[in-house]
Amino acid sequence: MTPLTSTYQSDAFVMTNFIDQKGLRALEARCIQEQAPPCQAGCPVHVDARAMLAQIGAGDFAAAYQTFSKTVPFPAIISRVCDQPCRAVCTRGEIGDPIAIRALEQACVALAGDAPRAPVKPLPARGKRVAVVGGGLSGLTAAFDLARKGWAVVVFEAAQRLGGRLWEVAEDALPRHIIERDFAATVLATPGLEVRLGAAVEDAPALRDSFDAVYISTGAVRGDAVDPLTCETARAGVFARAGSEAWSPITSIADGRRAAISIDRCLQNVSLTASRQHEGAYTTTLYTSTEGIAPARAVPLPDARAGYSRDQATEEARRCIHCECLECVKVCEYLARYDGYPKQYARTIYNNLSIVMGERHANTFINSCALCGLCAEVCPTDFDMGALCRQARQVMVAQGRMPPSTHEFALRDMAFSNGDQFAMARHAPGTDASAYLFFPGCQLAASRPGDVKALYAHLREALEGGVGLALGCCGAPAEWAGRKDLFEETMERFRAQHAALGRPKLALACSSCCQVFKTHAPDIELISLWDLLDRVGLPVQAAQPASRTLAVHDPCTARYERAMQDGARRIIRRLGYRIEELPLSREKTTCCSYGGLMGFADRELARAVIERRINESRADYVTYCAVCRDFFAAQGKPTFHLLDLIFGRGDDAAAAGRGPGYSQRHENRARLKREMLREVWGEDVTTAQEGYESIKLDVAEAVQARLEDRLILVEDIQQVIAFAERTGRRLLNTDTGRFLAHYRPAAVTYWVEYRPEGDHYAVFNAYSHRMEVAEETKDE
Amino acid sequence: MSKKPDLEGAEKWQCARCDRPMEIRKVSVSYMDSSFPVDLPVCPECGQVYVPEMLALGKMAEVEKTLEDK
């Protein structure tokens, strides 16, 4: 495996050593979804109240009782006297009353607590003896826990009965038979646990002389200091309860349990202090949003002693909101689709990158993330799945494990944009200096080349100091594909051009370009076109039909570009439109599915992402990214590009119009460059077309849609036909008279079904495969 | 990968250059350092091969994906 030190330096979410177990664990620890709910963390013995309430809510009181009694040794007693620290931290309390957890425990005991309990079966006797001083809840818990672990225990109780302060509780709140029944089923039913009543101990520490360990549950004697973590006292083997002021039955049980753990470890001669951070009550890091949850009062408890009926208990338990985080999963179609959350996903990715032999099932998962950063924005701990997936892709590329087909088409598109047919950078005609450099980006030029021309004319007129023009792609697709090499090469080339033009301020129409330059070329000064237009004025002061409401979709790469967002909104308002803010907008905006090249890894997911976004409002949308605009419109959502409004195309046809297909996008870019060179710089650049480019095609609309779907470009088809016509290598369908030919310009073999018709070729079908067929052709 | 359904209708295509019907032969198909013998229509004269659409978009695409994830 390739050793990894590479990081995505500019990202706050840097994982230098994701490839090792330690890095993985640090990463996993950042996701809080698996942290305990507040009730469980706030309970000194960590009753899994969330699970218990779910079971009660489902009417399964037996399971709920199991959940409760698994943690609490004296369930009937606690169900009557628990002081419920859980309620103080119950999230339901923020929107209504906290859940009546103790009353629900009482219902569990009433409805399922009479089932015969399995006999207590301690571990085999281990030959050491423990003295427990005091037969209250703390001492009895310690005694019961230790006896079950195989240690012989003797409880010394001064009174003639067990239970200590329990007997001070009013009898109607705690009927006495309950005390007796809980102890009979546990302490008194445990082999190896001896109870001595009326056995007052005068010098508790002295018991250590005849026992291997002593627990003084009544508290330390003679003012000895007690370690609050381990209950250790100054004398080895003597443990005591750390003082607690107010009587808390559940804390008493927790204290006894803490002492039992220490004594068990002491008797085994292992560390008393290791891994004890989550004993006792603590504050969980789990975050639970209560947004959208209706407030609800507790189900009234008519008679506290009788408790809830089955139906009342079920109803009360159903008020539990089942605390969990999932903030990122709630807002992200991609994260929701794989039924997990970042902690699990981090391991999935780690495992995928670690496979030496075998199938890498998570490749598609890693390549489907939009890298848009919404998860990090909504995460209470800033967990950024995008940063993780971006790094994983870089690792896959470095390992030579990136599936070649995933990003090839997008990278080919990028290569086209940075090739001679489109790329150029120069000062405005008749000038040799530029204060600004207009960089419209590859997709705006592909989607609305006419607007690019008009914008350039406007900027030259409106701005002082010269406005140069640079056509090309910023390199975002390479960066999204994990191709650091290609990306850096692209960035270097741009930097050289930019320097040669005297380092003008970049005027960017595309928020993705903006993100790329800000991140990777922070020294280059830039301004967004929308901010700029808002300042210098719009090109056309078209009279617009006022008072129409449009919902603004911010492109995901504009997430933190406040000036861009504001500039766009001010322009929209200035043009007479009212703005509706989508539930997820500005820093919480969502990706249109182009980000991270999602659609090339998982087309179905991309469709679902778009579907979700376009259904967030019934209003027509307006956005300032050409790709978002075209993607939404292609799935039926009337969406304006801000330029439509600026250039007076605020009619329904503009919003509904489909963007150009892939081939047309190439053509639009190439033509834009030719036309601008001719119209702006007066240069005629009818470059000599390669042979195949002059081949004229007639492609029916249905076939065009299929080609689009199969990522087959007009130029691919032209090359196949050129090859077939030149060599005669083609098949003939005897029924239809059509030809079928294939050609493999690089890594893909294209097949085209066609028929020559006069000066052009009718195209009926095309398909492709990547596998190479060994064709032993005899050409001559 | 050499099952017959993928070749359904293949007999309608003949080699246009040699004006001859195709014959089913074993052809080696390879991708990402793996290769498999596949029954495909081949022109007995010039060796031109026919890969039907159903095969390219079905089994071949499936195997491509598996090999890419290996």
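Criteria and thresholds
Residues numbered from 1 in each chain as written. Chains lettered and ligands numbered in written order. Predicted model: local features only at pLDDT ≥ 70, side-chain atom pairs only at ≥ 80, totals over all residues. Helix = DSSP H or I, 4+ residues; strand = E, 2+ residues; numbered from the N terminus. Buried ≥ 20, exposed ≤ 12 C-beta atoms within 10 Å, placed from the backbone. Contact = placed C-beta atoms within 7 Å. Rg over C-alpha atoms; globule rule 2.2 N^0.38 Å. Nonpolar A, V, L, I, M, F, W, Y, C, P; charged D, E, K, R; others polar. Pairing = 2+ DSSP bridges. Domains from an automatic or database assignment. Axes fitted to C-alpha atoms, helices over the stretch in contact; angles between N-to-C directions. Parallel < 35°, antiparallel > 145°, perpendicular 65-115°, else oblique. Left-handed = near helix turned anticlockwise from the far one by under 90°. Right-handed = clockwise from strand over helix to strand, strands pointing away. Expected span 1.5 Å × (residues − 1). Bend = angle between axes of the 7 residues up to and from the residue. Arc of directions from axis to C-beta. pLDDT = per-residue confidence, 0-100. Core = buried A, V, L, I, M, F, W, Y, C linked by C-beta atoms within 7 Å.

Observations regarding the overall build of chain B
Here is step 1 of the chain: Along its length, chain B carries 1 helix and 4 strands.
Here is step 2 of the chain: Order of helices (α) and strands (β) in chain B, N terminus to C terminus: β-β-β-β-α.
Here is step 3 of the chain: For chain B, the spread of C-alpha atoms along the three principal axes comes to 40 × 20 × 15 Å.
Here is step 4 of the chain: Counting only residues that meet the buried cut, chain B has 30% of its 70 residues in that class.
Here is step 5 of the chain: A fraction of 51% describes how many contacts in chain B between residues 6 or more apart in sequence connect residues 24 or more apart.

Some points on the overall build of chain A
Here is step 1 of the chain: Within chain A one finds 33 helices and 20 strands.
Here is step 2 of the chain: For 780 residues, the compact-globule formula gives about 28 Å, and the C-alpha radius of gyration of chain A, at 36 Å, lies well above that figure.
Here is step 3 of the chain: Counting only C-alpha atoms and orienting by the principal axes, one finds that chain A spans roughly 115 × 70 × 55 Å.
Here is step 4 of the chain: Out of the 780 residues in chain A, the part that is buried amounts to 48%.
Here is step 5 of the chain: Counting only contacts in chain A whose residues sit at least 6 apart along the sequence, the fraction spanning at least 24 positions is 71%.

Here's the deal with the interface of chain B and chain A
Here is step 1 of the chain: Between chain B and chain A, the residue contacts involve 27 residues of the former and 29 residues of the latter.
Here is step 2 of the chain: When contributions to the side of chain B that touches chain A are tallied by element, the ones reaching two or more residues are β1 (13-15), β3 (23-31) and α1 (53-69) of chain B.
Here is step 3 of the chain: Take the side of chain B that touches chain A: its biggest share by element is 9 residues, from α1(B).
Here is step 4 of the chain: Residues of the side of chain B that touches chain A, tallied by class, amount to 15 nonpolar, 5 polar and 7 charged.
Here is step 5 of the chain: Pairing between strand β20 (residues 772-773) of chain A and β3(B): 2 bridges, direction antiparallel. Across the sheet, E772(A) pairs through a bridge with S30(B), a residue of β3(B).

Observations concerning the environment of Y436(A)
All names here are of chain A.
Here is step 1 of the chain: Secondary-structure assignment places Y436 in strand β7 (residues 436-439).
Here is step 2 of the chain: On the neighbour-count criterion, Y436 (24 C-beta atoms within 10 Å) is buried.
Here is step 3 of the chain: A sequence separation of 407 residues divides Y436 from A29, and the C-alpha atoms of the two residues are 46 Å apart.
Here is step 4 of the chain: What Y436 contacts, discounting residues up to four positions off in sequence, is L459, L463, V467, P504, K505 and A507.

As for the domain arrangement of chain A
Here is step 1 of the chain: With domains assigned, chain A is organised as domain 1 (38-116 + 282-294 + 307-317), domain 2 (129-268), domain 3 (326-402), domain 4 (407-536), domain 5 (548-660) and domain 6 (691-769).
Here is step 2 of the chain: Centre-to-centre separation of domain 1 of chain A and domain 6 of chain A, based on C-alpha positions: 69 Å.

Considerations on the packing of helix α3 (residues 49-57) of chain A against helix α4 (residues 61-71) of chain A
Angle between the axes and distance between the axes are the two parameters that describe a pair of packed helices.
All names here are of chain A.
Here is step 1 of the chain: The geometry of α3 relative to α4 is characterised by a closest axis approach of 7 Å and an angle of 165 degrees between their N-to-C directions. Judged on the interaxial angle alone, α4 and α3 are roughly antiparallel. Crossing of α3 against α4: the hand is left-handed. Packed against α3, whose contacting residues are A51, M52, Q55 and I56, the element α4 presents F61, A63, A64, T67 and F68 at the interface.
Here is step 2 of the chain: Taken together, the residues that form the contact of α3 with α4 break down as 7 nonpolar, 2 polar and no charged.

Focus: unusual backbone geometry
All names here are of chain A.
Here is step 1 of the chain: You will see that S275, though not glycine, has its phi angle at about 45 degrees, which is positive.
Here is step 2 of the chain: Tracing the backbone shows S275 in the loop between α10 (249-268) and α11 (310-317).
Here is step 3 of the chain: Since 7 C-beta atoms lie within 10 Å of it, S275 is described here as exposed.
Here is step 4 of the chain: Even without a glycine there, the phi angle at R503 is positive, about 55 degrees.
Here is step 5 of the chain: Looking at where R503 falls in the secondary structure, it is placed in the loop between α22 (484-500) and β9 (505-508).
Here is step 6 of the chain: Given 14 C-beta atoms within a 10 Å radius, R503 is considered partly exposed.

Digging into the packing of α4(A) against helix α7 (residues 101-112) of chain A
Residue and element names in this part refer to chain A.
Here is step 1 of the chain: Relative orientation of the contacting elements α4 and α7 amounts to 120 degrees, with a least axis distance of 9 Å. With respect to α7, the axis of α4 lies oblique. Classified by chirality, the crossing of α7 by α4 is left-handed. Counted together, F61, A62, A64, Y65 and F68 of α4 and E105, C108, V109, L111 and A112 of α7 form the full contact between these two elements.
Here is step 2 of the chain: Split by residue class, the contact of α4 with α7 holds 9 nonpolar, no polar and 1 charged.

Thoughts on the pairing of strand β12 (residues 577-581) of chain A
Residues and elements named next belong to chain A.
Here is step 1 of the chain: Bridging between strand β11 (residues 548-553) and β12 involves 5 bridges; their strand directions are parallel. By the bridge assignment for β12, L550 is matched with I579.
Here is step 2 of the chain: With helix α25 (residues 562-574) bridging β11 and its parallel neighbour β12, the resulting β-α-β unit is right-handed.

Structural notes on the sheet that holds β20(A)
The strands that make up a sheet are held in pairs by hydrogen bonds between backbone atoms, and each pair lies either parallel or antiparallel.
Here is step 1 of the chain: Strand order in this open sheet of 3 strands is β20(A)-β3(B)-β4(B), and the pairing throughout is antiparallel. Unpaired on one side and paired on the other, β20 of chain A together with β4 (34-42) of chain B mark the two borders of the sheet.

Quick word on the sheet that holds β11(A)
Residue and element names in this part refer to chain A.
Here is step 1 of the chain: Strand order in the open sheet formed by 4 strands is β12-β11-β13-β14, and the pairing between neighbours is parallel. Across the chains shown, the open sheet's two edge strands, defined by having one partner strand only, are β12 and β14 (639-641). If you compare each strand with its neighbour and ignore which way they point, the axes differ by 40 degrees on average.
Here is step 2 of the chain: Strand direction decides the pairing type here: strand β13 (residues 620-623) and β14, joined by 3 bridges, are parallel. Within β14, the residue paired with Y621 across the bridge is T639.
Here is step 3 of the chain: Sitting on the sheet, α25 touches β11, β12 and β13, and the angle it makes with β12 is about 140 degrees.

Here's the deal with helix α18 (residues 404-417) of chain A
In an α-helix, one turn spans 3.6 residues; hence positions three or four apart end up facing the same way.
All names here are of chain A.
Here is step 1 of the chain: Along its 14 residues, α18 runs 20 Å from first to last C-alpha, staying within 8% of the 20 Å computed at 1.5 Å per residue.
Here is step 2 of the chain: Taken as a whole, α18 carries its principal kink of about 30 degrees at A410.
Here is step 3 of the chain: Those residues of α18 that fall on the buried side of the exposure criterion are T406, H407, D413, M414, F416 and S417.
Here is step 4 of the chain: Elements in contact with the buried residues of α18: α15 (363-368), α19 (442-447), α21 (476-480), α26 (598-601) and α31 (662-679).

Examining the pairing of strand β18 (residues 749-757) of chain A
Residues and elements named next belong to chain A.
Here is step 1 of the chain: Summarising the sheet, strand β17 (residues 739-743) and β18 pair through 5 bridges and their orientation is antiparallel. Note on β18: the bridge partner recorded for H742 is W751.
Here is step 2 of the chain: Here β17 hands over to β18 after 5 residues, the two strands then running antiparallel side by side.
Here is step 3 of the chain: By the bridge criterion, 9 bridges tie β18 to strand β19 (residues 760-769) in an arrangement that is antiparallel. By the bridge assignment for β19, P756 is matched with Y761.

Some details on helix α20 (residues 449-462) of chain A
Residue and element names in this part refer to chain A.
Here is step 1 of the chain: With 14 residues, α20 should cover 20 Å at 1.5 Å per step; its first-to-last C-alpha distance of 20 Å lies within 8% of that length.
Here is step 2 of the chain: Looking only at α20, the buried set comprises P449, D451, V452, L455 and L459. Angular distribution of buried residues about the axis of α20 spans 145 degrees; they occupy a single face of the element. In α20, those exposed residues whose orientation departs by more than 90 degrees from the buried face are G450 and E461.
Here is step 3 of the chain: On its buried side, α20 packs onto β7, α19, β8 (467-471), β9, α29 (642-646) and α31.

Details of the environment of Y50(B)
Here is step 1 of the chain: Here Y50(B) lies in the loop between β4 and α1.
Here is step 2 of the chain: Each C-alpha atom of the pair Y50(B) and P21(B) lies 11 Å from the other, and the pair is 29 residues apart in sequence.
Here is step 3 of the chain: Beyond its immediate sequence surroundings of up to four residues, Y50(B) is in contact with L731(A), A10(B), W13(B), M22(B), L40(B) and P41(B).

Section: the confidence of the model for chain A
Here is step 1 of the chain: Predicted confidence across chain A gives a mean pLDDT of 93, with 95% of residues reaching 70 or more.
Here is step 2 of the chain: Low pLDDT, under 50, characterises residues 1-17 of chain A; the predicted model gives this stretch 24 contacts beyond four residues in sequence or across chains.

Digging into the nonpolar core
All names here are of chain A.
Here is step 1 of the chain: Core analysis: the biggest nonpolar cluster contains 119 residues, and I349, C375, M385, A507, L508, I572 and L642 have the highest contact counts within it.
Here is step 2 of the chain: Sorting elements by how many residues they give to this core places helix α17 (residues 385-399) first, with 7 residues.
Here is step 3 of the chain: By size, the runner-up hydrophobic cluster in this structure holds 81 residues, among which are A64, F74, C82 and C266.

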